[in-house]
Amino acid sequence: MSSSIRQLLRLSSVRGRLTFWYLLTLGASLSGFAVFVFLVRAHTLYRELEADLQVRAHEAASDLRPALLSLDIAAALRNDPRARAEAIIVRTMPDTGDFRSPSFPWLDWRGERQLAEAARNRTPLVTVVGDPQRGALRVATLVVDRPGTAPVFIQVAAPTAAIERILGQLAGTMIVAIMLVLGIAAYGSGVTTRRALAPVEEIVSRARQIQAQHLGERLEIQGGTEELDHLVATLNDMLGRIEGSVQSARRFAADASHELQTPLAAMRTIVEMWAREGCEGDDHRAMAADLLDEIDRLRALVRDLRLYTSADAGRLLEDAVAVDVAGITGDCCEIARAIAEEKQIDVEEVVRERPVVTGSPLHLRRVILNLVENAVRYSPPASTISISVASENGDAVIAVRDQGCGIERSDLPHIFEPFYRADAARSRDTGGVGLGLAIVDQIVRAHGGRVDVESTPGQGSTFAVHLPAA
Ligand code: ADP
């Protein structure tokens, strides 16, 4: 069996299914039509035969009337050439055949009994079993009344073989025609569906060729239908999104390794100096302190990397509970005061309402701490940081306001990107690893919330976290 026929027979393929249902529908319609034509033709032929039989019976009755009125009907009819020429039986009693013309065929006992019964029951038309060669006979029975005596029964016969032959030929012709039409339809449908689905196969082979290294490539399939154009556009959109995610994952990996390299290089320099020049007393302590700083930076970076990569919505909200926002903000204010003390920054806590949200208290604390750490980091000494909790349109709002350096308008759209630093040199000096706001954004979005930023360079910034209240 050739592969295309095998594919056609597999109803799991679109081509196979389309062809199968097309042929089934066409075959059923054509067969229905053929049966209708056959029945109409058969009905017409039999009606014509019966009308002819009845005309012949009436003609015989009027032509043979003198003989039928005579006392010896059998003898009168035997001598009548018209009676001998017609296929006729004349009975004075249903079971007695007074006259049977030579052209009326003899039947077996069943056929003869049927003829007698038709006369007895006065059945105008009956089909009787003939001999196997000539087939069945259609017989018309006419009752002819006679004045002053019993009626006679005239039976006229005609074979149905000719009609059966015509109907057989008609059926054969129609079966051959239907098979021919179905064959042509199967071929046509195969060609049409193959042509219609050719762009799908092209899409599949082009899609297979697109590798992770060449995600910039797009499918360009021409001449498809509206649906296929839509499919191609959707696949291209999907490729675009995959390309975007792969690029940002690559960028993230490159940035992360770059960030890891900086403290490692610093540590290597310190240890190299130590090994080369040796040191004593205060030098020794200063180098150890530098080393500890770099190790702390490395630890903070690794902690933030882990947090950022694991902070997806599903896992974050696994242990979600009702969280008293003012409660965790109060804890964070205590920590903020401890960090801010060194720069003599005043931390002010304003609780306007006590909203409750559903989420992870651990991660929500991390959100507030990251914002507070930034506020302290980018604020001048002896300034004030205000941390407030309020409710707004069904949201819990935690706002962290500082009087720091502020953020340039051009930097605002990027500050939530991982490793983005508005002022790289300044941020590195002050100790940020560039993941703080990215983590804030990720956690807040996992909780169904958002972060709004308002900032005026030189005057300060306000970060407002909106979380849907429980
Ligand atoms: P970093 O570790 O560098 O602070 P973040 O992701 O926390 O990284 O912040 C990204 C950048 O946004 C920072 O480098 C800084 O330039 C800017 N930024 C964040 N918070 C503030 C703030 N309160 N005031 C001024 N600039 C800020």
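**Notes on the overall build of the chain**
In terms of helices and strands, the chain carries 14 helices and twelve strands. The C-alpha extent of the chain, read off along each of the three principal axes, is 160 × 55 × 35 Å. Counting the 470 residues in the chain, one finds 37% classified as buried. Here the contacts in the chain between residues at least 6 apart in sequence split such that 62% fall between residues at least 24 apart. A total of about 27,000 Å² of accessible surface is found on the chain, and carbon and sulfur atoms cover 57% of it. Charged side chains in the chain number 51 positive and 61 negative. The centres of these two groups are separated by 14 Å.

**Remarks on the sheet that holds strand β12 (residues 460-468)**
Within the open sheet, the five strands sit side by side as β7-β9-β10-β12-β11. Their pairing is mixed. A single partner strand is all that each edge strand has here, and the edge strands are β7 (346-351) and β11 (450-456). Sheet twist, expressed as the average angle between the axes of neighbouring strands with direction ignored, equals 15°. One ladder, built from six bridges, connects β7 with strand β9 (residues 384-392); its direction is parallel. Paired with Val350 across the two strands is Ser388, which belongs to β9. In the packing of helix α11 (residues 325-340) onto the sheet, the strands contacted are β7, β9 and β10 (395-401), and the crossing angle to β7 comes to about 170°.

**Side note on the sheet that holds strand β4 (residues 137-146)**
Across the sheet, five strands lie side by side as β2-β1-β5-β4-β3; this open sheet has antiparallel pairing. This sheet does not close on itself; its edge strands, each paired only once, are β2 (99-100) and β3 (125-128). Both strand β1 (residues 88-91) and strand β5 (residues 149-159) contribute to a ladder of four bridges, which runs antiparallel. If you follow Arg91 over to β5, its bridge partner there is Phe153.

**Looking at the site of the ligand**
As a matter of local geometry, the ligand sits amid 21 residues, with Asn374, Tyr378, Asp402, Gly434 and Leu437 nearest to it. In this structure, Gly434 approaches the ligand through a main-chain N or O atom, which is 2.8 Å from an oxygen atom. Between the ligand and Gly436 there is a distance of 3.4 Å, counted from an oxygen atom to a backbone nitrogen or oxygen. Going through the elements one at a time, α12 (361-377), α13 (424-430), α14 (436-446) and β12 are the ones with two or more residues in the shell around the ligand. Looking at side-chain class alone, the shell around the ligand contains ten nonpolar, seven polar and four charged residues.

**Section: the side chain of Arg138**
Along the polypeptide, Arg138 turns up in strand β4. The buried category is assigned to Arg138, whose relative accessible area is 14%. At a separation of 2.5 Å, a polar atom in the side chain of Arg138 contacts the side chain of Thr127. Filtering out sequence-adjacent residues up to four positions away, Arg138 remains in contact with Leu49, Glu50, Leu53, Leu125, Val126, Thr127, Val156, Ala157, Ala158 and Thr160.

**A look at the packing of aromatic side chains**
Evaluated as defined, the whole model comprises three aromatic pairs. Judged by centre distance (5.2 Å) and plane angle (80°), the rings of Phe20 and Trp21 are edge-to-face. Phe20 sits in the partly exposed class, given a relative accessible area of 36%. Ring geometry for Phe252 and Phe419: centres 5.5 Å apart, planes at 40°, overall tilted.

Cut-offs and rules
- Residues numbered from 1 in each chain as written.
- Predicted model: local features only at pLDDT ≥ 70, side-chain atom pairs only at ≥ 80, totals over all residues.
- Heavy atoms only, no water.
- Helix = DSSP H or I, 4+ residues; strand = E, 2+ residues; numbered from the N terminus.
- Buried < 20%, exposed > 50% of the residue type's maximum accessible area, 1.4 Å probe, protein only.
- Contact = heavy atoms within 4.5 Å.
- Areas by Shrake-Rupley, 256 points an atom, 1.4 Å probe, with all protein chains shown as cover.
- Lys, Arg positive; Asp, Glu negative; His and termini not counted.
- Charge placed at Lys NZ, Arg CZ, Asp CG, Glu CD.
- Pairing = 2+ DSSP bridges.
- Axes fitted to C-alpha atoms, helices over the stretch in contact; angles between N-to-C directions.
- Near = heavy atom within 4 Å.
- Polar contact = N/O pair within 3.5 Å; in protein donor to acceptor, adjacent residues only side chain to side chain.
- Nonpolar A, V, L, I, M, F, W, Y, C, P; charged D, E, K, R; others polar.
- Phe/Tyr/Trp six-rings, centres within 6.5 Å; stacked < 30°, edge-to-face > 60°.

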